[in-house]
Amino acid sequence: MADPKLERYRKWFYAATVYNLIWGVAVILDPVTPFRLFGAEPPNYPSLFQCIGMMVMVFAFGYYLIARDPLRYAAYVWIGLA
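These lines cover the structure that appears in this document, whether it is placed above or below. (Residues numbered from 1 in each chain as written. Predicted model: local features only at pLDDT ≥ 70, side-chain atom pairs only at ≥ 80, totals over all residues. Heavy atoms only, no water.)

By the element assignment, G39 lies in the loop between α2 (33-37) and α3 (46-68). A relative accessible area of 68% means that G39 is categorised as exposed. (Helix = DSSP H or I, 4+ residues; strand = E, 2+ residues; numbered from the N terminus. Buried < 20%, exposed > 50% of the residue type's maximum accessible area, 1.4 Å probe, protein only.)

Right, dumping it as structure tokens:
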């Protein structure tokens, strides 16, 4: 890594990678559980939430790339924030 100031952020992006992987897989495998946990009405279209889970998993890959090389993939941070 070229800039040592960015080293402290690396662990946070790895943490975001793990979080997004876990959340994505959990929602894909069982999209109704988050609704049950919060006492909400289960969705009529659970496949919609499974698609959201797949999108979250794509963000996991982006966060992984940022953690590996934050200068090269700096623009991905803005995508994650959006």
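The rest of the description comes next.
Counted under the stated rule, the structure contains 1 salt bridge. Here R10 and E7 are joined by a salt bridge, their closest N and O atoms 3.9 Å apart. Residue R10 and its partner E7 are located together in helix α1 (residues 7-29), separated by 3 residues, close to a single helical turn. (Salt bridge = Lys/Arg side-chain N within 4 Å of Asp/Glu carboxyl O.)

Attention shifts here to the side chain of N20. Of note, N20 is situated in helix α1. Under the relative-accessibility criterion, N20 is labelled buried at 10%. Among the polar contacts made by the side chain of N20, one reaches the main-chain carbonyl oxygen of A16 at a distance of 2.7 Å. The contacts of N20, once residues within four sequence positions are left out, are V56, M57, F59, A60 and Y63. (Polar contact = N/O pair within 3.5 Å; in protein donor to acceptor, adjacent residues only side chain to side chain. Contact = heavy atoms within 4.5 Å.)

Relative to the helices and strands, T17 is located in helix α1. Residue contacts for T17: discarding those within four places in its chain leaves A60, Y63 and Y64.

The next subject is the nonpolar core. Core analysis: the biggest nonpolar cluster contains 7 residues, these being F13, A16, Y63, L65, I66, A67 and Y73. Looking at this core element by element, the count peaks at 4 residues for α3. Once residues lying within four places of it in the same chain are set aside, the contact partners of F13 are Y63, I66, A67 and V77. (Core = buried A, V, L, I, M, F, W, Y, C linked by side-chain atoms within 4.5 Å.)

Attention now moves to the environment of V58. When you line up the elements, V58 lands in helix α3. For V58 and T17, which are 41 residues apart along the polypeptide, the C-alpha to C-alpha distance reads 9.6 Å.

Turning next to the environment of Y64. Assignment of secondary structure puts Y64 in helix α3. Measuring from C-alpha to C-alpha, the distance between Y64 and A15 comes to 9.0 Å, with 49 residues separating the pair along the chain. Ignoring anything within four residues of it in the chain, the contact list for Y64 reads Y14 and T17.

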